[in-house]
Amino acid sequence: MFGLLKKVTVPPSTLLLKHIYGLESDEPIHRPELEIRGWLAFDRAFDLSKLCLTLETDTFSLPVVLENRPDVAADLPNEFCTGFNTFFDIQEDLVSKNPNWVNSARLRIVWPNGDEQIPLDARLAQNMVNENSYFRTNHVPRPNHAIDEAQLQLWDDSGFLVLEGFYSAAEADELKGLIESSWADRANYSDKVTIDRDIGTKDERRISFADADLAIRKTPHKLNDLYLESDRLREYQLGSRLRDVLSPMMGGTPMICNSLSFEYGSQQSDHFDTFFMPPLTRNRMVASWIAMEDVQLDAGPVRYYPGSHKIPPYRFSHGRYNLKLDEKQQCEEYVEHQLKERGLEPVLFSAKKGDVLIWHAHLLHGGTPINNPALTRKSLVTHYFCCEDWDGACYEEDRSGIFYLKRD
Ligand SMILES: O=C(O)CCC(=O)C(=O)O
Ligand SMILES: [Fe+2]
């Protein structure tokens, strides 16, 4: 991520410095989104309601959302600061309103006693200017891909792919064994490996896996990021066979960005994974769901809505796709309406041991209710970003050539 750090001498005197990421005059923008992110710091308490930030061009003005980030204040010269971080869809928000927006774009800050306009000298990569797709993969079909054209077409059209029997029964057993043995080894794990206990209840909370009581294993839970501790596990998550499938689907080099293992159904309400971890390039995230046993209908199978990845993603008022809890209801109403309009219905994934389901970052999915709490539903979920979107310092490559996000 590149940035600018500027001392500001214009009014008001309370503005100390400005830090704007996402724009630099000699860097073209490589994504279909413009991100405006930065900090404003003040030398005393400041009433933020008196401050107004907008992205201006000669023909339109769009709000840039301020967010209070006391956590960042520690890195700044004083504690009075606010952040702003808003994404604009280049095609939808900017080009469609003014094809020449870039020539007059500026960030405008209106203070009680002043008005400052900072030109955004942003050049755009030409291929991004015309890209308006949320869902199309960037794949370049090649004859030696592990998936064929028909599968890639299904992926583009429906946003999911089922790989039946991708892993053999013996492999699925080995994978299950790896997760089982992690319980015995957990005291040795870093506290980056965590467990969400009592999921779906009011007592749900996250603790370090190393501190987890064995009894938790017998109740619905999510075991997070075991990939950080196990080379062998990573081979199931992104070994060369799966990598050859995911690369053309993602149009890039996949890296593991997190993982969750389940013994029971998740019962998680329908959601888009972008609520929790939007990728840096909008369509470059996928997830895999590996069945370590046959899934019974009463065990709370996963459900997904084919084609829902084409629903234009709901942007919360901060301009991003991360779930904003107080706007969840409006988002659900929007999605409900879109599903009806497009005639989209859920499909249950009645997986057999060794099957793998892959879904697109924008595919609506969730875990259905568990009707029989005695039934397990052993599965491993992995989410992937593309290495090309990240600074090399953020991820690692292991001995098998598997890339994974560090969790510093
Ligand atoms: O396994 C499930 O029920 C759903 C899990 C899920 O949605 C996820 O991990 O992103
Ligand atoms: Fe999910």
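Here the residue numbering is sequential within each chain, running from 1 through the sequence in written order. Working convention: letters from A go to chains and numbers from 1 go to ligands, in the order in which they are written. Reporting of local features is limited, given that this is a predicted model, to residues whose pLDDT is at least 70; pairs of side-chain atoms are given and counted only at 80 or more, and all residues count toward the totals for whole chains, interfaces and linings. Processing note: side-chain calculations cover all non-hydrogen atoms of the structure and skip hydrogens and water entirely.

Some remarks on the overall build of the protein
Convention followed: Secondary structure elements are defined from DSSP: runs of H or I of at least 4 residues count as helices, runs of E of at least 2 residues count as strands, and each element is numbered from the N terminus. Only protein chains enter the calculation, and the probe is 1.4 Å; a residue is then buried if its accessible area is under 20% of its type maximum, exposed if over 50%, and partly exposed in between. Contact criterion: two residues are considered in contact whenever any of their non-hydrogen atoms come within 4.5 Å of each other. Accessible surface is estimated by sampling points in the Shrake-Rupley manner with a 1.4 Å probe; for residues, cover comes only from the protein chains shown.
Of the regular secondary structure elements, the protein holds nine helices and 24 strands. Here the protein, with 408 residues, has 53% of them falling under the buried criterion. In the protein, of all internal contacts separated by at least 6 residues, the share reaching a separation of at least 24 is 75%. Of the roughly 18600 Å² that the protein leaves accessible, carbon and sulfur atoms contribute 49%.

A few points about the environment of Arg 205
As for its placement among the helices and strands, Arg 205 is situated in strand β14 (residues 205–208). Residue classification places Arg 205 among the partly exposed positions, given a relative accessible area of 42%. Distance in space between the C-alpha atoms of Arg 205 and Ile 195 is 8.2 Å, their sequence separation being ten residues. The residues contacting Arg 205, other than those within four sequence positions of it, are Ile 195, Asp 196, Arg 197 and Asp 198.

Topic: the sheet that holds strand β21 (residues 365–367)
Worth spelling out the cut-off: Pairs of strands are assigned from DSSP output, requiring at least two bridges between the strands.
Judged by pairing direction, the sheet is antiparallel, and its three strands sit side by side in the order β19-β18-β21 without closing on themselves. The open sheet has two edge strands with one neighbour each: β19 (347–348) and β21. By the bridge criterion, three bridges tie strand β18 (residues 302–304) to β21 in an arrangement that is antiparallel. For Arg 303, the partnering residue across the bridge sits in β21 and is Gly 366.

Things to note about the nonpolar core
Our working rule: Among buried residues, those of type Ala, Val, Leu, Ile, Met, Phe, Trp, Tyr and Cys that are joined through side-chain atoms within 4.5 Å constitute a nonpolar core.
The biggest cluster of nonpolar side chains holds 48 residues, and the ones touching the most others in it are Phe 209, Leu 246, Met 249 and Ile 358. When residues in this core are grouped by element, the largest group, five residues, is from helix α8 (residues 240–250). The next biggest cluster of nonpolar side chains, apart from the first, holds 22 residues, and it includes Leu 51, Val 64, Val 95 and Leu 120.

Quick look at the environment of Ala 299
The topology assignment puts Ala 299 in the loop between β17 (286–291) and β18. Given a relative accessible area of 0%, Ala 299 falls into the buried group. Once the C-alpha coordinates of Ala 299 and Thr 368 are considered, the two residues, 69 residues apart in sequence, prove to be 8.4 Å apart. Here Ala 299 is in contact with Gly 265, Ile 370, Leu 375, Thr 376 and Arg 377, once residues within four sequence places are set aside.

Examining the packing of aromatic side chains
Where we set the bar: Centre distance within 6.5 Å is the pairing criterion for rings of Phe, Tyr and Trp, where only the six-membered ring of Trp is used; planes under 30 degrees apart are then read as stacked, over 60 as edge-to-face, and the remainder as tilted.
All told, the structure shown has 13 aromatic pairs when counted by the stated rule. For the ring pair Trp 289 and Phe 349, a centre distance of 5.6 Å and an interplane angle of 80° mean the geometry is edge-to-face. Separated by 60 residues along the polypeptide, Trp 289 in strand β17 and Phe 349 in the loop between β19 and β20 (356–360) bring together distant segments of the chain. For Trp 289, a relative accessible area of 2% corresponds to the buried category. Taken together, a centroid distance of 5.0 Å and an interplanar angle of 75° make the contact between Tyr 314 and Phe 316 edge-to-face. A residue is classified by how much of its surface remains accessible, and Tyr 314, at 22% relative accessible area, is partly exposed. On the basis of relative accessible area, Phe 316 is assigned to the buried category, the value being 2%. Taken together through their ring pairs, the aromatic side chains of Phe 272, Phe 275, Phe 276, Tyr 314, Phe 316 and Tyr 334 make up a single cluster.

Here's the deal with the site of ligand 1
Rules: Being near a molecule or strand, for a residue, means having at least one of its heavy atoms within 4 Å of it. Think of a polar contact as two N or O atoms within 3.5 Å of one another; within protein, one of them needs to be a possible hydrogen donor and the other a possible acceptor, and neighboring residues in sequence only count if both atoms come from side chains. Here the term charged refers only to Asp, Glu, Lys and Arg, the term nonpolar to Ala, Val, Leu, Ile, Met, Phe, Trp, Tyr, Cys and Pro, and the term polar to all other amino acids, Gly among them.
In the neighbourhood of ligand 1, 14 residues make up the surrounding shell, with Ser 266, His 271, Trp 289, His 365 and Arg 377 lying closest. The separation between an oxygen atom of ligand 1 and a polar side-chain atom of His 271 is 3.0 Å. One of the side-chain N or O atoms of Asp 273 is found 3.0 Å from an oxygen atom in ligand 1. Contact with the protein chains covers 98% of the free accessible surface of ligand 1, which is 290 Å². Mapped onto the shell around ligand 1, the elements with two or more residues apiece are β16 (254–262), β21 and β22 (379–386). Class assignment of the residues belonging to the shell around ligand 1 gives a composition of six nonpolar, six polar and two charged.

Some details on the sheet that holds strand β5 (residues 52–56)
Put simply, the rule is: Note on geometry: axes are lines fitted to C-alpha atoms, helical ones only across the stretch in contact, with angles between N-to-C directions running from 0 to 180 degrees.
Spatial ordering of the open sheet is given by β6-β5-β9-β10, a layout of four strands whose pairing is antiparallel. Looking along the sheet, the strands with just one partner apiece sit at the ends: β6 (61–63) and β10 (114–119). With strand direction ignored, the average angle separating the axes of adjacent strands in the sheet is 25°. For strand β9 (residues 106–111) and β10, the ladder comprises six bridges, and the chain directions are antiparallel. Residue pairing in the sheet places Val 110 in a bridge with Asp 115 of β10.

Overview of the pairing of strand β13 (residues 194–197)
In this sheet, strand β15 (residues 222–224) lies alongside β13 in antiparallel orientation, the contact comprising three bridges. Residue Asp 196 lies in a different strand from β15, and its bridge partner there is Lys 222. Both β13 and β14 contribute to a ladder of four bridges, which runs antiparallel. Counterpart to Arg 197 in the pairing with β14 is Arg 205.

Here we look at the pattern of salt bridges
Rules: Definition used for salt bridges: Asp or Glu carboxyl oxygen within 4 Å of a side-chain nitrogen of Lys or Arg.
Evaluated as defined, the whole model comprises 22 salt bridges. Its salt-bridge partner being Glu 174, residue Arg 232 comes within 2.8 Å of it at the nearest N-O pair. One end of the pair, Arg 232, is in helix α7 (residues 231–238); the other, Glu 174, is in helix α6 (residues 169–185), with 58 residues separating them in the sequence. Through salt bridges with shared partners, a single network forms among Glu 180, Arg 217, Glu 263 and Lys 378.

Focus on helix α9 (residues 328–342)
Rules: Multiplying 1.5 Å by the helix residue count minus one yields the expected span of that helix.
For α9, built from 15 residues, the straight-helix expectation of 21 Å at 1.5 Å per residue is met to within 8% by its first-to-last C-alpha distance of 21 Å. Just beyond α9, the residue with positive phi is Gly 343, at close to 65°.

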